[in-house]
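Examining the three-dimensional arrangement
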Amino acid sequence: MCGHLGLPIPSPAIFNRIGTRFRREVKTFAARHDIPILHLTKPDRTRWDDRQLDHVRPYLDRAQRRGHFGVVAIVCAQEFQRVFGAVNRSAKPGVASFDFRKEERRVGTYYFCLLDRDFGPGFIKLCTYFPYPAKVWLNGHEWARRQADREGIAYTPLANGFASCAAPARLQGICDRFGPADVQRFFDTWSAVIPTPFTDADRAAGYWWELSMRQVEVSRTLVFDDPRRARAFFEALVADNVGVGRPQEMAVVFARPLRRPTTHPDRTRVFAPGTEGRIDFAYKHSRVKQYLKEGRALRIETVINKPADIGVRARLRHLPELVAKARQVNQRLLMIERAGQGGAVGSALIERIHQPYAREGQRTGALRFGDPRAMALAGALCCVVHAVTGFTNHSLRGLVAGLLGRAYSSQQMTYDLRRLRLHGLIQRLPHTHGYQLTPEGIRVAVFYTKLHQRLLGPLLEADRPPASRELRRALATIDHAITDYVALARLRPAA
């Protein structure tokens with residue numbers, strides 16, 4: 001305000017003057033280009049068709065029919081934003097000395113709803129108050145679809161995805177090509193068209209926006225050849241994951257070690273609105289969604305609402321790193337679920353871990369099924385089986401102690417981690433004190449836990465409720481037959 005604008009006193013009145021000019025320019029821009037300005041109130045959550053997109057959709061559809069690219073509508077709204085407020089800290093009458101601090105305030109915002117030649121529908125949101133926060137939203141799938149159309153790749157669409165493709169390798173190459181430059185190009189192109197709070201002189205002096213990542217969604221879609229198989233698989237997946245490894249599993253889906261309790265809750269939801277099912281996993285600000293898309297495809301969406309949740313910086317140039325890590329989350333989730341659906345373990349692996357094992361010139365103890373400590377280890381690893389990475393001596397020790405029901409020292413945990421590592425069930429993360437499960441470790445942990453909790457446990461208590469009536473009747477019949485054989489052999493206890 002003083003150095004660049006050359007004003008004698010930094011004052012909130014200057015913010016008001018800039019905001020007024022910006023609002024006036026928006027109205028002039030809309031009138032010149034015949035663009036409607038929609039004044040929307042807070043959406044009615046009881047209605048499914050009262051979202052902002054629902055009000056803008058008719059204008060987008062009309063622009064698409066006409067082949068017109070540009071701003072199709074401007075939405076004016078009042079929203080809470082982090083902006084600068086000012087307090088006069090001078091006690092002298094007529095003297096102004098303002099103290100500026102950021103605070104949540106309800107201010108005016110403009111959504112410039114766009115139809116872009118490469119991205120299709122998108123928007124740029126600009127706030128009318130300093131420091132004029134901006135938000136850019138666009139759809140990478142729409143970009144990939146339009147690139148495929150230009151290259152003549154035949155495909156079958158599937159609700160924000162592809163059901164099939166004649167050249168999947170070429171289509172994957174297009175998706176991999178998407179990067180920060182495409183997003184920056186979108187913003188640079190349209191910010192030069194729409195009015196902004198900053199003038200050309202401001203931008204030349206370096207006062208402009210630098211894009212960072214606020215929310216990024218990375219999905220993987222598995223399309224089944226028959227909708228019946230998709231539904232059956234998803235229902236089996238829901239049933240298989242109920243009660244195993246929650247809620248700690250979510251802490252590791254994002255490959256972040258839980259060395260201490262976090263203030264952000266880890267949440268898991270399994271619900272079925274109507275006939276559709278969905279599984280949600282939440283970790284800090286981010287989440288993973290699994291659901292059936294159009295009844296024929298399993299979609300996994302990793303939604304990163306704060307890049308720091310998975311150890312990535314927020315600047316736009318780190319988008320490739322974030323996408324790569326989000327894809328790893330999707331892949332780990334599939335790997336874990338594959339182990340859960342087919343939990344059988346080969347005899348060679350069982351024989352190896354059931355006896356002392358020498359590796360890297362070191363000899364380690366066995367991990368025998370039924371041993372309380374080994375079973376507690378397997379159960380604890382199942383609690384972090386979705387983790388695959390990110391558990392430490394400290395975070396795993398509490399889980400093992402809880403399953404054992406007795407004291408379990410750090411030295412015992414160190415010994416057991418060594419056993420697991422030498423058996424090839426876990427591996428150390430480079431340059432850290434954390435570990436991750438290997439594919440064999442995932443299978444062993446799931447197999448041990450399921451065999452103990454879901455097979456042997458219920459069978460050993462099958463002669464009384466809550467075992468099924470049919471199983472109890474069958475066991476009673478066997479018991480009567482054996483008792484008769486004992487009686488015929490004159491082996492009954494003497495009366």
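A brief structural summary. (Residues numbered from 1 in each chain as written. Predicted model: local features only at pLDDT ≥ 70, side-chain atom pairs only at ≥ 80, totals over all residues. Heavy atoms only, no water.)

Turning our attention to the sheet that holds strand β4 (residues 120-127). Across the sheet, five strands lie side by side as β1-β2-β3-β4-β5; this open sheet has mixed pairing. Of all the strands in the sheet, the pair left with one neighbour each is β1 (37-39) and β5 (134-137). The average undirected angle you get between the axes of adjacent strands in this sheet is 25°. Lying on the sheet, helix α2 (residues 52-66) is in contact with β1, β2 (70-88), β3 (98-116) and β4; it crosses β2 at an angle near 140°. (Pairing = 2+ DSSP bridges. Helix = DSSP H or I, 4+ residues; strand = E, 2+ residues; numbered from the N terminus. Axes fitted to C-alpha atoms, helices over the stretch in contact; angles between N-to-C directions. Contact = heavy atoms within 4.5 Å.)

What follows concerns the environment of V183. Its place among the elements puts V183 in helix α5 (residues 180-191). Classification of V183 as buried rests on a relative accessible area of 11%. Sequence spacing of V183 and W137 is 46 residues, and the spatial spacing of their C-alpha atoms is 9.3 Å. Look past the residues within four positions of V183 in its chain and what remains in contact with it is F119, L138, F178, L211, L316 and L319. (Buried < 20%, exposed > 50% of the residue type's maximum accessible area, 1.4 Å probe, protein only.)

The next point concerns the layout of surface pockets. Considered as a void within the structure, the second largest pocket measures approximately 370 Å³ in volume. If you go around the second largest pocket, you meet 18 residues; those closest to its centre are H4, L5, I18, F130 and F198. With five residues, helix α1 (residues 12-32) is the largest single contributor of residues to the lining of the second largest pocket. (1 Å grid on protein atoms, 1.4 Å probe; cavity = no way out; pocket = protein on both sides within 12 Å on 5 of 7 lines; lining within 4 Å. Points joined across faces, edges and corners; volume = space filled by probe spheres on them.)

So, on to the packing of aromatic side chains. Under the counting rule described, the total for this entry stands at 19 aromatic pairs. Ring geometry for F15 and F100: centres 5.7 Å apart, planes at 65°, overall edge-to-face. Remark: F100 occurs in strand β3 and F15 occurs in helix α1; sequence separation between them is 85 residues. On the basis of an interplanar angle of 75° and a centroid distance of 6.0 Å, the ring pair of F119 and F178 is categorised as edge-to-face. Pair noted here: F119 is in the loop between β3 and β4 and F178 is in the loop between α4 (168-177) and α5, with a separation of 59 residues, a long-range link. F119 gets classed as buried once you look at its relative accessible area, which sits at 3%. By relative accessible area, which is 23% here, F178 ends up partly exposed. Each member of the aromatic cluster is reached from another via a ring pair, and the members are F15, F84, F98, F100, Y129, F130, Y132, F187, F198, W208 and W209. (Phe/Tyr/Trp six-rings, centres within 6.5 Å; stacked < 30°, edge-to-face > 60°.)

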